[in-house]
Amino acid sequence: MSQLHFDALIVGAGFGGIYQLHKLLSLGLSVKVIDSAGDVGGTWYWNRYPGAMSDTESFVYRFSWDQDDLQTYPWSHHYVKQPDVLAYLEHVVEKYDLRKHMQFNTEMVAADWDDERGVWRVEVSTGEVFVVRYLVTALGLLSKANYPDIPGIEDFRGETCHTAQWRPELDLTNKRVAVIGCGSTGVQVVTDVANKVKTLTCFQRHPQYSVPSGDAPVSDEYREHINAHYPEIMKQVRNSVCGFGFVESTTSYHSVPPEEREQIFEALWQKGNGFRFMFGGFSDIATDREANEAACAFIRKKIAQTVRDPHKAKKLMPHDYYARRPLCDAGYYEQFNRDNVAIVDVNETPITKITATGIEVSNGTVHELDVIIFATGFDAIDGNYNRVRIRGRGGKTLKEYWDPRGPTSYLGVFVPGFPNLCMITGPQGPFSNIPPAIEIHVELISQMIARVEENRRLSIDLQGRKNVIIEALPEAEEDWLQQCERAAEGSLFKETASWIFGNNVKGKKIALRFYFGGLAKYRQAVQAMIDDQYRGFQPLQEDNGHQH
Ligand code: NA7
């Protein structure tokens, strides 16, 4: 087994892995990035399904740290589609000559902390072993595909495909297609393929509230305006709650006269974007039941106005809280006015099995199909970690450490007992637009590593001591968990089943997996930790040796 020695190994070549590589190289470290994919992109490598797009607006779905790139990199529409995001990430990798530090088709199989030597030994699928001081995981929030537990999947003679493992050669033209699932992904697929397929049957368990995205080509004037204001825009993003490039409302629903409320909802609907609809008009849609119901009623009214067949419209209308990750679309509800598009409510007629020719539901009907698309989401966040063995100090795996109370961390990045393991967007990181959250994590990790490296140089040169380590203290993790609990208090998200709390995967621990306090407060928490002499970690400066 060949052993490869680097200062740091980064697992994942998406937004997080790319920026982390750039930062660690600039510290003068030797670094390798591995990814199970065949090339860069992370989420955007795998999610090539028809209609895949970011539902963050283009101007803030990118790195903020390259001013020249912000000014010059082209984007044609208000939203970036999957090929655009992938091309952008490839561009960054080429521009900074990062590819030579990357190794693809290489999956992390196991990682073991060697307490004696102060290194991680990381076994990968090629048989190689990486021996590194720092292990940075940039696994993404949503990378382990979740398949439905339906009997007979293997009997189906047509084609099946999960959206997160899309095969671009799968041609849907004139096919009889089913889509199971109507989250962000299902909504995008349905909207994109409805006019290409022969029939489209949407199997829906929980209808979702979706609002228009407002996508359109960008004008030269718009781009010039954005370019002229980029520094302020990115500053605002970092100091905002959700980082979507708009100012969140501080106006409570109840403080607005009833006749004006409808106008505000209408303006939000016309402008587009799911996060703007939820957080841009009123401050309390996600926390106040009456405000939430008003938003729900408004969207239901839009569904009723859009979908001509009242039976279809009724099935598409949700009645639970508007408190899942907010969705937006480019004409989802309109697709149900096509004769070739049907909706099956699986609460009325549950799927009993998949047969050789289609999907059978409880009233005996078999929906005859050529293709079944699983838009059934992900075993999110800790699902990405639990599938590999990551063994920390004392031989305990991360999976064992997180069992039974659910995944925990200090600031979404560090875990006690797992020295020098840094997670980009680990559990209890901010619930926000992802690139700015990633940037804060990468910058924090880089700062910690730079400091430890400096200590290491000093200790080796002057005292000849062993490696220094980054290791969070259990009480710091506990304190962060409590801060996360406080930030989620009163949120209707907590009362609504979704992947955010782990409800979507059978047997998964229902637990708080995000910090709901917003990006600005998250940044303040990170800064306070640094200002307070790296509070919550084993001492870095004064006591350089191992603690055990
Ligand atoms: P989501 O949001 O988890 O949506 C998955 C969908 O699949 C959702 O509608 C589920 O219904 C449905 N589902 C899952 N299993 C089944 C079964 N067995 N039968 C019927 N329907 C099922 O995943 P997405 O990929 O759409 O989006 C994930 C995130 O990616 C998104 O939030 C953005 O951040 C980007 P349910 O609601 O659980 O009843």
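Residues numbered from 1 in each chain as written. Predicted model: local features only at pLDDT ≥ 70, side-chain atom pairs only at ≥ 80, totals over all residues. Heavy atoms only, no water.

## A word on unusual backbone geometry
Okay, step 1: With an omega of 5°, the peptide bond between Asp-403 and Pro-404 qualifies as cis.
Okay, step 2: With respect to the secondary-structure elements, Pro-404 resides in the loop between helix H12 (398-402) and strand S20 (421-423).
Okay, step 3: Non-glycine residue Asn-105 carries a positive phi angle of around 50°.
Okay, step 4: Within the secondary structure layout, Asn-105 lies in the loop between strand S5 (102-103) and strand S6 (108-114).
Okay, step 5: The residue Gln-533 is not glycine, and still its phi comes out positive at about 55°.
Okay, step 6: With respect to the helices, strands and loops of the structure, Gln-533 is situated in the segment after helix H15 (519-531). (Helix = DSSP H or I, 4+ residues; strand = E, 2+ residues; numbered from the N terminus.)

## Notes on the environment of Ile-440
Okay, step 1: Structurally, Ile-440 is set in helix H13 (residues 434-463).
Okay, step 2: Look at Ile-440 and you get buried, because its relative accessible area is 6%.
Okay, step 3: With 86 residues separating them along the chain, Ile-440 and Val-526 place their C-alpha atoms 8.7 Å apart.
Okay, step 4: Contact partners of Ile-440, with chain neighbours within four places excluded, come to Arg-238, Leu-519, Tyr-522 and Arg-523. (Buried < 20%, exposed > 50% of the residue type's maximum accessible area, 1.4 Å probe, protein only. Contact = heavy atoms within 4.5 Å.)

## A short note on the sheet that holds strand S15 (residues 351-354)
As a general point, the strands of a sheet are linked pairwise by backbone hydrogen bonds and lie either parallel or antiparallel.
Okay, step 1: Reading across the sheet, the three strands line up as S15-S16-S17 and stay open at both edges, with antiparallel pairing between neighbours. This sheet does not close on itself; its edge strands, each paired only once, are S15 and strand S17 (366-368). For this sheet, the mean inter-axis angle between neighbouring strands, taken without regard to orientation, is 25°.
Okay, step 2: By the bridge criterion, three bridges tie S15 to strand S16 (residues 358-361) in an arrangement that is antiparallel. Residue pairing in the sheet places Ile-351 in a bridge with Val-361 of S16. (Pairing = 2+ DSSP bridges. Axes fitted to C-alpha atoms, helices over the stretch in contact; angles between N-to-C directions.)

## What about the environment of Ile-500?
Okay, step 1: Tracing the backbone shows Ile-500 in the loop between helix H14 (474-488) and strand S22 (514-515).
Okay, step 2: The buried category is assigned to Ile-500, whose relative accessible area is 1%.
Okay, step 3: Placed 289 residues apart in sequence, Ile-500 and Val-211 show a C-alpha to C-alpha distance of 20 Å.
Okay, step 4: Beyond its immediate stretch of four places on either side in the chain, Ile-500 contacts Arg-325, Phe-431, Phe-493, Ala-511, Arg-513, Phe-514 and Phe-516.

## Quick word on the site of the ligand
Okay, step 1: The local shell around the ligand holds 16 residues, among which Cys-182, Thr-185, Arg-205, His-206 and Arg-325 are the closest.
Okay, step 2: The contact in question runs from an oxygen atom of the ligand to an N or O atom on the backbone of Cys-182, over 2.9 Å.
Okay, step 3: A distance of 2.6 Å separates an oxygen atom of the ligand from a polar atom in the side chain of Arg-325.
Okay, step 4: If the ligand stood free it would expose 780 Å²; the protein chains cover 86% of that surface.
Okay, step 5: Along the lines of polarity and charge, the residues of the shell around the ligand split into seven nonpolar, seven polar and two charged. (Near = heavy atom within 4 Å. Polar contact = N/O pair within 3.5 Å; in protein donor to acceptor, adjacent residues only side chain to side chain. Areas by Shrake-Rupley, 256 points an atom, 1.4 Å probe, with all protein chains shown as cover. Nonpolar A, V, L, I, M, F, W, Y, C, P; charged D, E, K, R; others polar.)

## Digging into the packing of aromatic side chains
Okay, step 1: Inspection of every chain in the model, using the stated rule, returns 43 aromatic pairs.
Okay, step 2: Members of the aromatic cluster, connected to one another through ring pairs, are Phe-15, Tyr-19, Trp-44, Tyr-61, Phe-63, Trp-65, Tyr-73, Tyr-88 and Tyr-96.
Okay, step 3: One cation-aromatic arrangement involves Arg-62 over Tyr-88; the distance from NZ or CZ to the ring centre is 4.8 Å.
Okay, step 4: The lysine or arginine in question, Arg-261, covers the ring of Tyr-253, its NZ or CZ lying 4.1 Å from the ring centre. (Phe/Tyr/Trp six-rings, centres within 6.5 Å; stacked < 30°, edge-to-face > 60°. Lys NZ or Arg CZ within 6 Å of the ring centre and 35° of its normal.)

## Focus: the side chain of Ser-210
Okay, step 1: Here Ser-210 lies in strand S12 (residues 210-212).
Okay, step 2: Among the residues examined, Ser-210 registers a relative accessible area of 1% and is labelled buried.
Okay, step 3: Side-chain polar atoms of Ser-210 contact the side chain of Asp-329, separated by 2.6 Å.
Okay, step 4: Not counting residues within four places of it along the chain, the set of residues in contact with Ser-210 comprises Val-187, Trp-269, Ile-299, Leu-327, Cys-328, Asp-329 and Tyr-333.

## Some details on the nonpolar core
Okay, step 1: Counting residues in each nonpolar core, the largest one holds 130 residues, and the members touching the most others are Met-102, Leu-200, Phe-265, Phe-277, Tyr-322, Phe-414 and Leu-444.
Okay, step 2: Among the elements that make up this core, the one with the highest residue count is H13 (nine residues).
Okay, step 3: Leaving out residues up to four positions away in the same chain, Leu-444 has contacts with Leu-411, Val-413, Phe-414, Tyr-522, Val-526, Met-529 and Ile-530.
Okay, step 4: Counting 23 residues, the second-largest nonpolar core is a separate cluster that includes Met-108, Trp-113, Phe-130 and Val-415. (Core = buried A, V, L, I, M, F, W, Y, C linked by side-chain atoms within 4.5 Å.)

## Let's talk about the sheet that holds strand S11 (residues 199-204)
Okay, step 1: Taken in spatial order, the five strands of this open sheet run S9-S18-S10-S11-S14, and their pairing is parallel. The outermost strands of the open sheet, each flanked by one partner alone, are strand S9 (159-162) and strand S14 (341-345). Mean inter-strand twist for the sheet, computed between neighbouring axes without regard to direction, equals 20°.

## Observations regarding H14
Okay, step 1: The end-to-end C-alpha separation of H14 is 21 Å, in line with the 21 Å expected for 15 residues at 1.5 Å each.
Okay, step 2: Inspection of H14 places Ala-476, Glu-477, Trp-480, Leu-481, Cys-484 and Ala-488 among the buried residues, and these make up the whole buried set. Along the long axis of H14, the arc covered by the buried residues comes to 140°, so they all point the same way.
Okay, step 3: At its buried positions, H14 is contacted by H12, S22 and H15. (Expected span 1.5 Å × (residues − 1). Arc of directions from axis to C-beta.)

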